[in-house]
Amino acid sequence: MPAIRFQSPPKRTPFAPEWDYHLYTEFINPIDIIQHMKYIILSKEKSIIEEFSGKGHDGSTGLGAETLTGKFTYYNIFDWSEPVFTFFKNWIGEQHNNFRKEIGLPPMPVWGKCWANVMRKGQVINPHNHGAQPESYLSGHFTIAATDTNTYYDYPYDNDEYWVEKNIPGLLTLFPSCITHWTDTYQGNEERISIAFDLYPEDVYLGTDADKKFFLESPCVKL
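These remarks concern the structure in this document.

Rules behind the numbers
Residues numbered from 1 in each chain as written. Predicted model: local features only at pLDDT ≥ 70, side-chain atom pairs only at ≥ 80, totals over all residues. Heavy atoms only, no water. Salt bridge = Lys/Arg side-chain N within 4 Å of Asp/Glu carboxyl O. Helix = DSSP H or I, 4+ residues; strand = E, 2+ residues; numbered from the N terminus. Buried < 20%, exposed > 50% of the residue type's maximum accessible area, 1.4 Å probe, protein only. Polar contact = N/O pair within 3.5 Å; in protein donor to acceptor, adjacent residues only side chain to side chain. Contact = heavy atoms within 4.5 Å. Core = buried A, V, L, I, M, F, W, Y, C linked by side-chain atoms within 4.5 Å. Pairing = 2+ DSSP bridges. Axes fitted to C-alpha atoms, helices over the stretch in contact; angles between N-to-C directions. Left-handed = near helix turned anticlockwise from the far one by under 90°. Nonpolar A, V, L, I, M, F, W, Y, C, P; charged D, E, K, R; others polar. Expected span 1.5 Å × (residues − 1). Bend = angle between axes of the 7 residues up to and from the residue. Phe/Tyr/Trp six-rings, centres within 6.5 Å; stacked < 30°, edge-to-face > 60°. Lys NZ or Arg CZ within 6 Å of the ring centre and 35° of its normal.

With that out of the way, let us pick up the pattern of salt bridges. One pass over the full model with this rule turns up nine salt bridges. With a closest N to O distance of 3.0 Å, Lys44 and Glu82 form a salt bridge. Within this pair, whereas Lys44 is found in helix H1 (residues 33–51), its partner Glu82 is found in the loop between H1 and helix H2 (83–102), the two being separated by 38 residues in sequence. Under the relative-accessibility criterion, Lys44 is labelled partly exposed at 22%. If you follow the salt bridges from partner to partner, you end up with Glu45, Arg120 and Glu191 in one network.

Let us now look at the side chain of Asn117. Structurally, Asn117 can be placed in strand S3 (residues 110–119). For Asn117, a relative accessible area of 5% translates into the label buried. Only 2.6 Å separates the side chain of Asn117 from the side chain of Thr69, close enough to count as a polar contact. Setting aside residues up to four positions removed in sequence, Asn117 forms contacts with Thr69, Arg192, Ile193, Ser194 and Ala196.

In terms of nonpolar packing, the biggest core is built from 40 residues, with Ile41, Phe88, Phe142 and Ile195 touching the most fellow members. With residues near it in sequence (within four places) discarded, Ile41 still touches Leu68, Trp80, Phe85, Ala116, Val118, Ile144, Ile193 and Ile195. Core analysis: the second largest hydrophobic core is formed by eight residues, Phe6, Trp19, Tyr153 and Phe175 among them.

This next bit is on the sheet that holds strand S10 (residues 221–222). The pairing of strands in a sheet comes from backbone hydrogen bonds and takes either a parallel or an antiparallel form. Taken in spatial order, the seven strands line up as S1-S2-S7-S4-S9-S3-S10 in an open sheet, and their pairing is antiparallel. Two strands lie at the open edges of the sheet, namely strand S1 (4–7) and S10, each paired on one side alone. When S1 meets strand S2 (residues 20–27), the two strands line up antiparallel, connected through four bridges. Paired with Ile4 across the strands is Leu23, a residue of S2. Contacting S3, strand S4 (138–145) and strand S9 (192–201), H1 runs over the sheet at an angle of about 95 degrees to S4. The strands touched by H2 within the sheet are S2, S3, S4, strand S7 (171–176), S9 and S10, with S2 carrying the most contacts at an inclination of about 140 degrees.

With that settled, consider the pairing of strand S5 (residues 150–155). Burial analysis of S5 places six of its six residues in the buried class, which makes it a mostly covered element. Sheet topology note: the S5/strand S8 (residues 181–183) ladder contains three bridges and is antiparallel. By the bridge assignment, Tyr153 is partnered in S8 with His181.

On to the packing of H1 against H2, then. Where H1 contacts H2, the two axes come as close as 9 Å, and the packing angle between them is 120 degrees. You can see that H1 and H2 cross each other, and the crossing is left-handed. Only Val84, Phe85, Phe87 and Phe88 of H2 make contact with H1, whose side of the interface consists of Ile33, His36, Met37, Ile40 and Ile41. Here the contact of H1 with H2 is composed, by residue class, of eight nonpolar, one polar and no charged.

End to end, H1 covers 27 Å across 19 residues, agreeing with the expected 27 Å (1.5 Å per residue, within 8%). Of all the bends found along H1, the most pronounced is centred on Glu45 and spans about 35 degrees. Within H1, burial applies to Ile33, Ile34, Met37, Lys38, Ile40, Ile41, Glu45, Ile48 and Ile49. In this structure, the buried side of H1 is in contact with H2, S3, S4 and S9.

Aromatic ring pairs are defined here through the distance separating the ring centres and the angle between the ring planes. For the coordinates displayed, the defined rule picks out 17 aromatic pairs. Aromatic side chains Phe6 and Trp163 sit 5.9 Å apart centroid to centroid with 65 degrees between the ring planes, which places their arrangement in the edge-to-face category. Taken together, the positions of Phe6 in strand S1 and Trp163 in strand S6 (residues 158–166) put the pair 157 residues apart, joining distant regions of the chain. Judged by centre distance (5.6 Å) and plane angle (15 degrees), the ring pair of Tyr152 and Trp182 falls under stacked. With a gap of 30 residues between them, Tyr152 in strand S5 and Trp182 in strand S8 connect regions that are remote in the sequence. Using a relative accessible area of 16% as the deciding quantity, one classes Trp182 as buried. Taken together, the ring pairs in this structure connect Phe6, Tyr21, Tyr153, Tyr155, Trp163 and Phe175 into an aromatic cluster. Just above the ring of Trp80 sits the side chain of Lys44; from NZ or CZ to the centre is 3.9 Å.

See below:
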């Protein structure tokens, strides 16, 4: 699918804010892969939470530390050995390069860290972003299971305007890590499951000692 461009109107004063960025969406194929992903994530949920009990933070999502989201610094789905996740990791790498091609940039090696969000009735992901540091690059959202729920992506500097994306199983969205995003309060009776991740250019991830301090908390995997 084509990248979606978000661009501010022309500035009318020298101090007005401006932005120009893209989001990219695509569906995974084959779609039945998500059922295998769902089963594995749910089967690992309890053990991961128990293994790192009392540790972690939820990245300002509001889901709490004792969730898969809250343990995101202690595991990396891109490093899981099951064939469906090896396929997923390689597919994300392909989609990253497709995104770059859509906006006129050459392919580039990336490293990433990836975690799961398992939400149940009454839970919500609060507005947050994945970082606006010099090392920040792209983040992603991938829906595995959801019922009547949306993710919202905020326009920079304007909290009254946002892009709404319906959470459809199999749908991937890539977006700049600095973009604030959040979800509806989930009202479904079964788990809402999604995968989130951060990507970093290889030259940044393998760069200076100062760069490495940024990644020390959660090592990345090459895609």
